[in-house]
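Chain by chain, the residues run as shown.
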Amino acid sequence: MKTVYWAPWDQKDMLNEMFLGYSDPINVLHDLQSNINKENKMDNFLNCPAFTSQHKNTFLFNSPTCVDVSFIDNYVRNNLPTHVPFNERTFVYKQPSLLNSKTIRVAANWIFFCEEKLEMESMHPYMHKTPVSDYGFYVPGGFDISQWFRPLEFAFQMWKDCDNFKVNFNDPLMYVRFNTSEKIQLKKFMLTPELFDMSMSCVRLKSYARQRNLQKLYDIFTGTRLHTKILQEIKKNVM
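Scope of this entry: the structure provided in the associated data block.

Cut-offs used in this document
Residues numbered from 1 in each chain as written. Predicted model: local features only at pLDDT ≥ 70, side-chain atom pairs only at ≥ 80, totals over all residues. Heavy atoms only, no water. Helix = DSSP H or I, 4+ residues; strand = E, 2+ residues; numbered from the N terminus. Rg over C-alpha atoms; globule rule 2.2 N^0.38 Å. Contact = heavy atoms within 4.5 Å. Areas by Shrake-Rupley, 256 points an atom, 1.4 Å probe, with all protein chains shown as cover. Lys, Arg positive; Asp, Glu negative; His and termini not counted. Charge placed at Lys NZ, Arg CZ, Asp CG, Glu CD. Pairing = 2+ DSSP bridges. Axes fitted to C-alpha atoms, helices over the stretch in contact; angles between N-to-C directions. Salt bridge = Lys/Arg side-chain N within 4 Å of Asp/Glu carboxyl O. Buried < 20%, exposed > 50% of the residue type's maximum accessible area, 1.4 Å probe, protein only. Arc of directions from axis to C-beta. Polar contact = N/O pair within 3.5 Å; in protein donor to acceptor, adjacent residues only side chain to side chain.

### Description of the overall build of the protein
Next up, step 1: The helix and strand inventory of the protein stands at 6 helices and 14 strands.
Next up, step 2: Relative to the compact-globule value of 18 Å for 239 residues, the protein shows a C-alpha radius of gyration of 19 Å, a close match.
Next up, step 3: Taking as baseline every contact in the protein between residues at least 6 positions apart, the subset at least 24 positions apart corresponds to 75%.
Next up, step 4: Put simply, the protein shows about 12,900 Å² of open surface, and 51% of that area lies on carbon and sulfur atoms.
Next up, step 5: Taking the average location of the 28 positive side-chain charges in the protein and that of its 25 negative ones, the two points are 4 Å from each other.

In C-alpha cells, the structure reads:
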C-alpha cells in the first residue's frame, strides 16, 4: 500500500473562503461499480481485468466553487448572482494556448505528496457526465509526486469560438490516477503557510529556470533536500 497525502491548495484568503467546498476524492471504479448491472456477468466491462486494473487507483475530484461567465471581446462578464462569491482569482483568463480558442483557469486546486516514488496523472473526467465537457477539456498532465511539490490547477482549454463557461458546485472536474499496482491510501492534510511557500518554490522555479525536462526539475528538488522537510510538516498536519 502507498500513502498519498493530499490537500486543497490556494493562497490563505482564498483557501479559507473555499475550504469547506472541497469534498473528498471519490474512487472512480467504486463509484461506477455501485451502479453495476448484476445480471450482466459475461460481458460487463466493470468485471474486465483490463478495465479494473487501469482504473482502480483513479479518483474523481469535484468542483469546490461555482463559475458562470461570458466572454465579450477581452472582457469577462460574471453571470452569477451578486450574493455568490466571485473575484478576479475565482476565474482567470489565461494567454491562449491554441488559436481562435480560450485557455482559462478556475480556482480549484489540489496538491499531493508521497514518501515513495509515485507517478500521478490528471485528466478530463470522461466517464462522468459533467457540463464542462460542453465548453472544452481539462488540460491533462502528470509528474512524480515524491520529487515535485506543486499543485494541480484546473486549467481548461475551450473549444474553438466558445464564449461561455459554467460549472456548478460539486460538478465533476477531473480525474487523478496514481500509476501503481499497489492500493492507494489517501490522507488529507491542512496546507500550512510553510507548505504553501515550499510549493510556490516549485511553481516559480520555471519562471527563472526555463527547464522543460521533468527529470532536471526532480534533480533540483532532490538536491535541496526539501522532501524530508515537506513530509515532516505534512505529517504534523494530517487531518
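### Quick notes on the sheet that holds strand S12 (residues 164–167)
The pairing of strands in a sheet happens through backbone hydrogen bonds and is either parallel or antiparallel.
Next up, step 1: Spatially, the 3 strands line up as an open sheet ordered S5-S4-S12, and their pairing is antiparallel. Of all strands in the sheet, those bounded by a partner on one side alone are strand S5 (75–78) and S12. Strand after strand, the sheet turns through a mean of 20° between neighbouring axes, direction not considered.

### Points about the pattern of salt bridges
Next up, step 1: For the structure on display, the rule yields 11 salt bridges.
Next up, step 2: Residues Glu153 and Lys94 are paired through a salt bridge, measuring 3.7 Å at the closest nitrogen-oxygen approach. Taken together, the residues span a long stretch of sequence, with Glu153 in strand S11 (residues 152–158) and Lys94 in strand S6 (residues 91–94) at a distance of 59 residues.
Next up, step 3: For Lys94, a relative accessible area of 28% translates into the label partly exposed.
Next up, step 4: With a shortest N-O distance of 3.5 Å, Arg177 and Glu121 are connected by a salt bridge. Here the residue Arg177 occupies a position in strand S13 (residues 172–178), and Glu121 occupies one in strand S8 (residues 119–123), the gap between them amounting to 56 residues.
Next up, step 5: With a relative accessible area of 7%, Arg177 lands in the buried category.
Next up, step 6: Exposure remark for Glu121: the relative accessible area of 26% places this residue in the partly exposed category.

### Details of helix H6 (residues 226–236)
The periodicity of an α-helix, 3.6 residues per turn, causes residues three or four places apart in sequence to face the same way.
Next up, step 1: Residues Leu226, Ile230, Leu231, Glu233 and Ile234 constitute the buried set of H6. Down the axis of H6, the buried set is contained in an arc of 165°. They therefore lie on one face.

### Describing unusual backbone geometry
Next up, step 1: The backbone phi angle of Asn100 is positive, close to 60°, even though this residue is not glycine.
Next up, step 2: Checked against the element boundaries, Asn100 lands in the loop between S6 and strand S7 (103–114).
Next up, step 3: A positive phi angle is found at Arg225, which is not glycine, with a value near 60°.
Next up, step 4: Tracing the chain through its elements places Arg225 in the loop between helix H5 (214–224) and H6.
Next up, step 5: Overall, the relative accessible area of 67% leaves Arg225 in the exposed class.

### Brief notes about the sheet that holds strand S10 (residues 141–144)
Next up, step 1: Pairing is antiparallel across the open sheet formed by 5 strands, whose spatial order is S2-S3-S13-S8-S10. With partners counted over all chains shown, the strands left at the sheet margins are strand S2 (26–27) and S10, one partner each.
Next up, step 2: For S8 and S13, the ladder comprises 4 bridges, and the chain directions are antiparallel. Paired with Glu121 across the strands is Arg177, a residue of S13.

### Considerations on H5
Next up, step 1: Within H5, burial applies to Leu217, Tyr218 and Phe221. The buried residues of H5 occupy an angular sector of 100° when projected down its axis, which confines them to one face.
Next up, step 2: Its side-chain oxygen 2.8 Å from the backbone nitrogen of Gln215, Asn213 forms the N-cap of H5.
Next up, step 3: Immediately downstream of H5, the backbone of Arg225 shows phi near 60°, a positive value.

### Describing the pairing of S11
Next up, step 1: Within S11, 6 of the 7 residues are buried, which leaves the element mostly enclosed by the surrounding structure.
Next up, step 2: Pairing analysis gives 3 bridges linking strand S9 (residues 136–138) to S11, with the strands arranged antiparallel. The residue of S11 that forms the bridge with Tyr138 is Phe156.

### A look at the environment of Gly136
Next up, step 1: One can find Gly136 in strand S9.
Next up, step 2: A C-alpha to C-alpha distance of 8.5 Å links Gly136 and Lys160, two positions 24 residues apart in sequence.
Next up, step 3: Setting aside its immediate chain neighbours within four residues, Gly136 contacts His124, Phe156, Gln157, Met158 and Trp159.

So yeah, pure geometry; function would need other evidence.
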